[in-house]
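Report on the structure
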Amino acid sequence: MKSDEASIQFITEKCQSSYRWLILLLGCLMMVGPYYCVDIAAALKSQIDDYFGNSNDYEVNFSLLYTLYAAPNVILPFFGGYAIDRFGVRMCLLLFISLIALGQVKTNY
């Protein structure tokens, strides 16, 4: 029983390392890239509208763009969870971030 209390106390103690704020900042900054990639189409909406010549069904097509982008996010987390369990967090993090970067490069160039 004493070891359970010690482990609970260890978990609830605040980390005194000076790196904890750096790790928090880097964790927050790491999420900026994927959120930017998701919302890039919204930032370019008026330029895309001008490029296609103000077609009547532009709003429908623009919404379809987001729908087709978001629909796989319903199924893919199951495969991502399996991959993380099988290959580990570090390997999958590198793989997933690489895929996001590759998709951005392909989209923008």
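Here, every reference points to the structure presented above.
No experiment lies behind these values; they were computed from the predicted model shown. Counting restarts for each chain: residues are numbered from 1 in the order of the written sequence. Confidence filtering applies because this is a predicted model: local features only for residues at pLDDT of at least 70, side-chain atom pairs given and counted only at 80 or more, and all residues used for totals across whole chains, interfaces and linings. Note: side-chain values were computed over all heavy atoms of the structure, leaving out hydrogens and water.

For the rest of this paragraph, the subject is the packing of helix α2 (residues 20-30) against helix α3 (residues 32-43). The interhelical angle for the contact between α2 and α3, taken along N-to-C directions, is 15 degrees, at an axis separation of 5 Å. It follows from the interaxial angle that α2 and α3 lie roughly parallel. Residue-level inspection shows Cys28, Leu29 and Met30 of α2 in contact with α3, the latter providing Val32, Gly33 and Pro34. The angle between two axes is taken between their N-to-C directions and runs from 0 to 180 degrees, where each axis is a line fitted to C-alpha atoms and a helix contributes only its stretch in contact. Secondary structure elements are taken from DSSP: a helix is a run of H or I of four residues or more, a strand is a run of E of two residues or more, and numbering for both begins at the N terminus. An angle below 35 degrees is treated as roughly parallel, one above 145 as roughly antiparallel, one from 65 to 115 as roughly perpendicular, and anything else as oblique. Residue contacts are counted whenever heavy atoms from the two residues lie within 4.5 Å of one another.

The next thing to look at is the packing of aromatic side chains. For Phe, Tyr and Trp, rings pair up if their centres lie within 6.5 Å, where Trp contributes its six-membered ring, and each pair is then called stacked (planes under 30 degrees apart), edge-to-face (over 60) or tilted (otherwise). If you walk through the whole model with that rule in mind, you get one aromatic pair. Ring centres of Tyr58 and Phe62 lie 5.7 Å apart, and the angle between their planes is 35 degrees; on these two criteria the pair is classed as tilted. You can see Tyr58 and its partner Phe62 sitting in helix α5 (residues 58-70), four residues apart, about one turn around the helix. Throughout, exposure labels follow a simple rule: accessible area from a 1.4 Å probe, protein chains only, divided by the maximum for the residue type, with under 20% read as buried, over 50% as exposed, and the rest as partly exposed. Take Phe62: its relative accessible area is 9%, and that puts it in the buried class.

Turning our attention to a nonpolar patch on the surface. Each patch is built from residues that are more than 30% exposed by relative accessible area and take part in no salt bridge. Like charges join if they lie within 9 Å; nonpolar side chains (Val, Leu, Ile, Met, Phe, Trp, Tyr) join within 5 Å. The Shrake-Rupley method, run with a 1.4 Å probe, gives the accessible areas here. Residue values count only the displayed protein chains as cover. The salt bridge definition used is simple: a Lys or Arg side-chain nitrogen within 4 Å of an Asp or Glu carboxyl oxygen. Together, Tyr19, Leu22, Ile23, Leu25, Leu26, Leu29 and Val32 make up an exposed nonpolar region whose accessible area comes to about 730 Å². Here the nonpolar patch takes five residues from α2, the largest share from any one element. Note that Leu26 resides in helix α2.

A few words on the pattern of salt bridges. Side chains that differ in charge, positive against negative, can pair when their charged atoms come close. Using the criterion set out here, one finds one salt bridge in the structure. A salt bridge links Glu59 to Lys45; the shortest N-O distance between them is 3.2 Å. Remark: Lys45 occurs in helix α4 (residues 45-51) and Glu59 occurs in helix α5; sequence separation between them is 14 residues. The exposure class of Glu59 is partly exposed, given its relative accessible area of 47%.

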